[in-house]
Amino acid sequence: MGKFSFKNWLFALGCILGSGVVAEDVKLLLPEKIYAVPGVETNIYFNNIVTVINPANYVFEVKCEKGRNDLKRWRYTPKAEEVGSYKLQVRVINMQGIVAKADAELIVLPPDAGATREFSMLFIGASQTNAGHYPNRMEALMKRPGNPKFKTIGTRRRGKDGARHEGYGGWRWHVFMTRYGYSGSRKMDGMHPDRPVGFNSPFIFKNEKGEYKFDLNKYFAINNNGKAPDAVSFQLGLNDFFLCTDENIAEVTAKSMKDMEKLIAEFRKLEPAPAIFIFQHIPGSNQDGFGASYGCQQSSWQYRKNLDYYNRALAAKAKELDLHVVPVYMNFDTENNYPVLTQPVNHDNPQMITRQNNGVHPAVAGYNQMGDTLYCAVKALLAKQK
């Protein structure tokens, strides 16, 4: 074999750099604690914990005595006898070696955590909450043996027997504190003009002076016999960052965090103050789904970058405000749990092909994974409150 000349070395290096394998800044987004409950599948989908052009350029290794390291995910459904704490590490590898790694604590929770008490919860959010599926999943899981008597609060629900919630398509953090006197005559911000028509914040009421006031005590007097809930979950922020660019994502996120603090501060004035759960958002579908939903108004890749920035900001703010983070992004199958449509390849080719056809609204299986993650987070709270 001939000598590997400096010229050949430069050529090889150029090929590697040109492929983007080395040039990418690979940063993991992994929770410090991963909660799991016996009988409920917990996943780490590798595509969702890194923001890179092509995750297939990397190998993902999970080091943990529990679970299974597959090609695209780590998965684990604990058994009751596995309750306890375990070390977990994720490594990201390319031809040059380990390019990123992160450690977490896997905590398998007692299946009977909170079994002897009552527990009420209010789900607040945008269109993913309005769909009603993850609240329904949460309610179904809470009916399993070993759980508290569970009650959902809200003025909305999916179906006559669905879990109650306050979910409104297109809404942002600030809308719940500012929207009143709306009749559908003015445009609403976000991707959904005038939707839902006629709805005002459920927390704003007209007082005897004719003034509109944000009043949680009145809301719960009407909807929960005057009692504050034990917990409130927020699935908000997606409509804040959805249309952002690299140039304005920092500014928009900073404003969104301030709006979030204001709304959460109002709930913390309740006595007793409820536990606050914050959703870190799920990644969107592929570009087929984004094209079907939004044409050219937003791309899957730009959304993915916006999401990563916002989810990291949420993690930092959660530490600052002592909030319970719900890492639904980690436990969500973006490849298989978005809606699909089977249609001809193109106008002149009748061969049928199946493509994703929604950008950010999952199929029911995806919503169920969101509910699973929230359930595990709530069971962690219940285990601490024993």
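Every chain is numbered independently, its residues counted from 1 as its sequence is written. Restriction of local features to residues with pLDDT of at least 70 applies here, the model being predicted, together with a cutoff of 80 or more for giving and counting side-chain atom pairs; totals for whole chains, interfaces and linings are based on all residues. Side-chain measures here rest on the full set of heavy atoms in the structure, leaving out hydrogens and waters.

Q: Describe the environment of K258, listing the residues and the values that go with them.
A: Take K258: it is sitting in helix α7 (residues 249–267). Residue K258 is classed as exposed on the basis of its relative accessible area, which comes to 56%. For the pair K258 and W173, spaced 85 residues apart in the sequence, the C-alpha separation amounts to 9.2 Å. Numbered from the N terminus, helices here are DSSP runs of H or I no shorter than four residues, and strands are runs of E no shorter than two. For each residue, the accessible area found with a 1.4 Å probe, counting protein chains only, is set against the maximum for its type, and the residue is called buried under 20%, exposed over 50%, and partly exposed in between.

Q: Give a description of the sheet that holds strand β6 (residues 84–94) that names residues and reports values.
A: Between any two strands, at least two bridges found by DSSP are needed for them to pair. Read from one edge to the other, the open sheet built from four strands follows the order β1-β7-β6-β3, with strand pairing classed as mixed. Each end of this open sheet is capped by a strand with a single partner; those strands are β1 (33–36) and β3 (59–63). Neighbour-to-neighbour, the strand axes of this sheet turn through a mean angle of 30°, independent of strand direction. Alignment of β6 against strand β7 (residues 97–108), held across eleven bridges, turns out to be antiparallel. Each residue of the ladder has a partner; that of L88, found in β7, is A104. Axes here mean lines fitted to C-alpha atoms, for a helix over just the part in contact, with angles spanning 0 to 180 degrees between N-to-C directions.

Q: Run through the nonpolar core, naming residues and quoting values.
A: Throughout this description, the term nonpolar core refers to a set of buried Ala, Val, Leu, Ile, Met, Phe, Trp, Tyr and Cys residues connected via side-chain atoms within 4.5 Å. Membership of the largest hydrophobic core comes to 42 residues, with the highest contact counts inside it found for L122, I124, F234, M260, F267 and I278. The leading source of residues in this core is helix α9 (residues 300–321), at seven residues. Any two residues whose heavy atoms approach within 4.5 Å at even a single point are treated as in contact. In contact with I124, other than residues within four places in its own chain, are T129, Y134, E166, F176, F203, V232, S233, F234, Q235, L236 and F267. Membership of the second largest hydrophobic core comes to 33 residues, among which are V40, A113, F123 and Y134.

Q: Could you give an account of unusual backbone geometry, naming the residues involved and the relevant values?
A: At the junction of E271 and P272, the peptide bond is cis and its omega measures out at -5° in the coordinates. Within the secondary structure, P272 is located in the loop between α7 and β15 (275–279). Positive phi values are uncommon outside glycine, yet N225 reaches one of about 55°. Residue placement: N225 occurs in the loop between α5 (216–223) and β14 (231–235).

Q: Please provide a residue-by-residue account of the packing of helix α3 (residues 133–142) against helix α10 (residues 364–384), values included.
A: With their axes 8 Å apart at the nearest point, α3 and α10 run at an angle of 50° to one another. Comparing the axis directions of α3 and α10 gives the class oblique. For α3 against α10, the interelement crossing comes out right-handed. Within the contact between the two elements, α3 uses H133, Y134, R137, M138, L141 and M142 and α10 uses V364, Y367, N368, M370, G371, D372, L374, Y375, V378 and L382. Here the contact of α3 with α10 is composed, by residue class, of eleven nonpolar, three polar and two charged. Roughly parallel covers angles under 35 degrees, roughly antiparallel covers those over 145, roughly perpendicular covers 65 to 115, and oblique covers all other angles. The handedness criterion is simple: a crossing whose near helix is rotated anticlockwise from the far helix by less than a right angle is left-handed, and one whose near helix is rotated clockwise is right-handed. Just so you know the grouping, Ala, Val, Leu, Ile, Met, Phe, Trp, Tyr, Cys and Pro go in nonpolar, Asp, Glu, Lys and Arg go in charged, and all remaining residues, Gly too, go in polar.

Q: Tell me about the sheet that holds strand β4 (residues 68–69), residues and numbers included.
A: Pairing is antiparallel across the open sheet formed by three strands, whose spatial order is β2-β5-β4. Strands at the two margins of the open sheet, each flanked by one partner only, are β2 (42–45) and β4. With two bridges joining them, β4 and strand β5 (residues 73–76) adopt antiparallel strand pairing. By the bridge assignment for β5, R68 is matched with R75.

Q: I'd love a proper account of the packing of aromatic side chains, names of residues and values included.
A: Here the aromatic set is Phe, Tyr and Trp, taking the six-membered ring for Trp, and pairing holds for ring centres within 6.5 Å; pairs whose planes are under 30 degrees apart are stacked, those over 60 apart are edge-to-face, and all others are tilted. This model, assessed by the stated rule, comprises 25 aromatic pairs. Ring geometry for Y168 against W171: centres 4.3 Å apart, planes inclined by 15°, an arrangement best described as stacked. Under the relative-accessibility criterion, Y168 is labelled buried at 2%. Note on F241 and Y310: the rings are 4.9 Å apart at their centroids and 35° apart in plane angle, and the pair reads as tilted. You can see F241 sitting in helix α6 (residues 238–241) and its partner Y310 sitting in helix α9, a full 69 residues away along the chain. For the pair shown, F241 and Y310 are each scored as buried.

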